[in-house]
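Chain residues, written in single-letter form:
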Amino acid sequence: MSRYAYVNGQYLPLSVAGVHVEDRGYQFADGIYEVIAVYQGRLADEEAHLARLDRSLKEIGLAWPVTKRALKHIMRRVIAINLLKNGMLYLQVTRGVSRRDHAFPKADVAPALVVTAKTLKPTSPDVLDKGVAVVTMPDLRWKRCDIKSVALLPNILAKQAAKEKGAYEAWLLDDKGFVTEGSSTNAWIVTAKGEIVTRPLGTPILAGVTRRAILALAKDAKLKLVERAFKPAEALKAKEAFLTSTTSWALPITKIDGKPVGDGKPGPVTLRLRQLYAQALEKGL
Ligand code: PMP
């Protein structure tokens, strides 16, 4: 199946779609992005993603490339022309094309918008049965991880290092040894007391849209929630650990740095949250 992308006003086959070599996203990583899940042809948690997009744009002083209404139309068209049922949309907004110079270009340079689509397979039953492994490493990123910047080099290097160690994800540690988040996921534990713990929002982490949805679902289910930072040592003494993201939902972590979490099997709280999330998606999140 050929795939199509939206690039600055045009819908093009992926094989010919491209951006200018002087696009500031290409030259400086001067841009931001969003990943929105498509579930049974529908966008999941669209408003929350657009609110985060709006915030990221404001934080880097960039205008919306098209109106919100137009963007919603573009996203639906990209889903339709790709015959996308289950997968994700990738949206990228950069500070447009201009002669290479660090300072912002003049106001008449339009931001550039790219939207692509990808089909994703559901998480395999084997992964859900066994859970995934994470390895810890220093968080080498900048001090504004709350901005969904396309500058992902430290995240890429961390994910690759995790992969080379046979792990699914890297848990990044701040200067005091606390987990900030994963390279592309938010980090959680469930303590012996049954408290669900995740780091509070702030500049060291991305405000995950799935994190937000899981917190709301856990609250509705009257589960105990605490937003505070934790260290890997505490996670190893916890009953459960898990990660969240748009494409992973809530995924059990059963190994940290080669050592088992709890009894080494996916835990009931994680699996319940995953089920609640799946039900919410089904109903239309
Ligand atoms: N943290 C980082 C660094 C990420 O890249 C992502 C994925 N976008 C997340 C957390 C999870 O965010 P979300 O639930 O919105 O996918």
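Draft legend 1. Looking closely at the domain arrangement of the chain. Domain assignment breaks the chain into domain 1 (4-119) and domain 2 (125-283). Computed from C-alpha coordinates alone, the two centres of domain 1 and domain 2 are separated by 27 Å. Listed by partner, the interface residues are 23 residues for domain 1 and 20 residues for domain 2. Here domain 1 meets domain 2 over a buried area of about 1,800 Å², counting both sides, of which 60% is carbon and sulfur. In terms of surface lost to domain 2, no three residues of domain 1 exceed Y33, Y39 and R52, which account for 34% of the buried area on that side. Our count for the contact surface shared by domain 1 and domain 2 stands at 2 salt bridges. Here D146 makes a salt bridge to R55, at a shortest N to O gap of 3.0 Å. Viewed at the interface, domain 2 and domain 1 are joined by 9 residue pairs in polar contact (both at pLDDT 80 or more). Among the elements of the structure, β3 (31-39), α2 (46-59) and β5 (87-94) are those that each provide at least two residues to the side of domain 1 that touches domain 2.

Draft legend 2. Local environment of the sheet that holds strand β2 (residues 10-13). Spatial strand order, β2-β1-β6-β5-β3-β4: 6 strands in an open sheet with antiparallel pairing. This sheet does not close on itself; its edge strands, each paired only once, are β2 and β4 (42-43). Two elements, β5 and strand β6 (residues 112-119), share 8 bridges in a ladder whose sense is antiparallel. Within the sheet, the bridge partner assigned to G87 lies in β6 and is T119. Of the strands in this sheet, β1 (4-7), β2, β3, β4, β5 and β6 are in contact with helix α3 (residues 68-81), which crosses β6 at around 35°.

Draft legend 3. Local environment of empty space enclosed by the protein. Tallying each qualifying case throughout the model produces 2 cavities of 30 Å³ or more. If you add up the space inside the largest cavity, you get close to 40 Å³. Around the largest cavity sit K239, E240, A241, P252, I253, T254, V261, K265, P266, G267 and T270, which together line it. Here the lining of the largest cavity is composed, by residue class, of 5 nonpolar, 3 polar and 3 charged. Taken as a whole, the second largest cavity spans an internal volume of roughly 30 Å³.

What counts as what
Residues numbered from 1 in each chain as written. Predicted model: local features only at pLDDT ≥ 70, side-chain atom pairs only at ≥ 80, totals over all residues. Heavy atoms only, no water. Domains from an automatic or database assignment. Contact = heavy atoms within 4.5 Å. Buried area = accessible area lost by both parts, 1.4 Å probe. Salt bridge = Lys/Arg side-chain N within 4 Å of Asp/Glu carboxyl O. Polar contact = N/O pair within 3.5 Å; in protein donor to acceptor, adjacent residues only side chain to side chain. Helix = DSSP H or I, 4+ residues; strand = E, 2+ residues; numbered from the N terminus. Pairing = 2+ DSSP bridges. Axes fitted to C-alpha atoms, helices over the stretch in contact; angles between N-to-C directions. 1 Å grid on protein atoms, 1.4 Å probe; cavity = no way out; pocket = protein on both sides within 12 Å on 5 of 7 lines; lining within 4 Å. Points joined across faces, edges and corners; volume = space filled by probe spheres on them. Nonpolar A, V, L, I, M, F, W, Y, C, P; charged D, E, K, R; others polar.

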